[in-house]
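# Examining the three-dimensional arrangement
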Amino acid sequence: MTRKMNVDENPELQITERLREPADAQATLTLPFEQRQKSRLRIRLDNGQDAGLFLPRGTVLRHGDRLRATSGLVVEVRAAPEAVSTARADDTLLLARAAYHLGNRHVALQLGPGWLRYPHDHVLDDMTRELGLTVSREQAPFEPEAGAYGGGHHHHA
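Since we're looking at a predicted model, the values are computed, not measured. (Residues numbered from 1 in each chain as written. Predicted model: local features only at pLDDT ≥ 70, side-chain atom pairs only at ≥ 80, totals over all residues. Heavy atoms only, no water.)

## A word on the nonpolar core
Put simply, the rule reads: Take the buried residues of types Ala, Val, Leu, Ile, Met, Phe, Trp, Tyr and Cys, join any two whose side-chain atoms come within 4.5 Å, and each joined set is a nonpolar core. The cut-offs for exposure are 20% and 50% of the maximum accessible area for each residue type, with area from a 1.4 Å probe on protein chains only; residues under the lower value are buried, those over the upper are exposed, and the others partly exposed. Strands are runs of DSSP state E lasting at least two residues, helices are runs of H or I lasting at least four, and both sets are numbered from the N terminus onward.
Judged by nonpolar contacts, the single largest core of 17 residues is most densely connected at Ile15, Ile43, Leu45, Leu53, Leu67, Leu73 and Val75. At the level of elements, strand S2 (27-31), strand S3 (40-44), strand S4 (50-54), strand S5 (66-69) and strand S6 (74-79) are the ones that each hand at least two residues to this core. The leading source of residues in this core is S2, at 3 residues. Leu109, Leu116, Met127 and Leu133 belong to the second-largest nonpolar core, a separate cluster that totals 15 residues.

## As for helix H2 (residues 92-104)
An α-helical turn contains 3.6 residues, so a residue and the one three or four places further along point in the same direction. To keep things clear, this is the line we draw: What a helix is expected to span follows from its residue count: subtract one and scale by 1.5 Å. Picture the helix axis, draw a direction to every C-beta atom, and the arc is the one those directions span. Pairs of residues are marked as contacts when any of their non-hydrogen atoms sit within 4.5 Å. In protein, a polar contact requires one atom able to donate a hydrogen and another able to accept it; more generally it is a pair of N or O atoms within 3.5 Å, and residues adjacent in sequence count only if both atoms are side-chain atoms.
In a regular helix each residue adds 1.5 Å, so 13 residues correspond to 18 Å; H2 covers 18 Å between its end C-alpha atoms and thus fits that length. Listed as buried for H2 are Leu94, Leu95, Ala98 and Leu102. Here the buried residues of H2 occupy an arc of 100° about the axis, which is enough to place them on one side. Opposite the packed face of H2, turned more than 90 degrees from it, sit the exposed residues Thr92, Leu93 and Tyr100. Residues of H2 that are buried sit in contact with strand S7 (81-88), strand S9 (115-119) and helix H3 (122-130). N-capping of H2 is provided by Asp91, with a side-chain oxygen placed 2.8 Å from the backbone N of Leu93. Where H2 ends, the next residue or the one after it, His106, has phi of about 55°, a positive value.

## A look at the side chain of Glu82
Spelled out, the test is: The charged-residue count follows a simple rule in which Lys and Arg add positive charge and Asp and Glu add negative charge, with His and chain termini not counted at all. When a carboxyl oxygen of Asp or Glu lies within 4 Å of a side-chain nitrogen of Lys or Arg, that pair is called a salt bridge.
Here Glu82 lies in strand S7. Salt bridges are absent for the buried Glu82, whose nearest opposite-charge side chain, Arg36, sits at 4.3 Å. Of note is the side chain of Glu82, whose polar atom sits 2.9 Å from the backbone nitrogen of Phe33. Setting aside residues up to four positions removed in sequence, Glu82 forms contacts with Pro32, Phe33, Arg36, Glu138, Gln139, Ala140 and Phe142.

## A closer look at the packing of aromatic side chains
Cut-off, in case you're wondering: Working definition: rings of Phe, Tyr and Trp (its six-membered ring) pair if their centres are within 6.5 Å, and the pair is stacked with planes under 30 degrees apart, edge-to-face with planes over 60 apart, and tilted otherwise. Geometrically, a lysine NZ or arginine CZ counts as sitting over a ring once it is within 6 Å of the ring centre and also within 35 degrees of the ring normal.
Per the counting criterion, the structure on display carries 1 aromatic pair. Note on Phe33 and Phe142: the rings are 5.8 Å apart at their centroids and 85° apart in plane angle, and the pair reads as edge-to-face. Here the residue Phe33 occupies a position in helix H1 (residues 33-36), and Phe142 occupies one in the segment after strand S10 (134-141), the gap between them amounting to 109 residues. For Phe33, a relative accessible area of 10% translates into the label buried. Note on Phe142: relative accessible area 2%, which makes it buried. Residue placement shows Arg117 over the ring face of Trp115; its charged tip is 4.6 Å from the ring centre.

## Examining the sheet that holds strand S8 (residues 110-112)
What counts is decided by this rule: Paired strands, in this sense, are two strands between which DSSP finds at least two bridges. Axis definition: a line fit to C-alpha positions, over the contact stretch in the case of helices; interaxial angles, taken between N-to-C directions, run 0 to 180 degrees.
Taken together, the 4 strands give an open sheet; going across it, the order is S8-S9-S7-S10, and neighbouring strands pair in antiparallel fashion. Looking at which strands have only one partner, the edges of the open sheet turn out to be S8 and S10. Sheet twist, expressed as the mean angle between neighbouring strand axes with direction ignored, is 30°. Running over the sheet, H2 touches S7 and S9 and is turned about 20° from S9.

Written out as structure tokens, the structure reads:
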């Protein structure tokens, strides 16, 4: 269960900080990318505990991030599987062309060796196939690039 927080709500567990240093997590929070972009959100931890996110505006949570609640509880963020399209090609020029055309449409992209991934959309799938890529619909975690000016993008092992 997730929804935007109202100003007058005061959940018992308030998550207010993204940690920069490694820390052992006592709980996990699994969210799709759309919700990992929200800085104020009522959430339910994977253990069923209700909580509220109160993070600085513009915070984008990434798989593996650690958050701290005002109680001291450390929570690990997990990227939820979601409906995505994964386009594959052995030809890097084809991948670059597809990334260019998808970028022109302001589509968030996750890039990997020989593939790119975006939120599932049958129109984009058709366009990408016409460019010569093989496209499959999947349920997978989505971790798009932060963008040239996104700053702070990091990968977790």
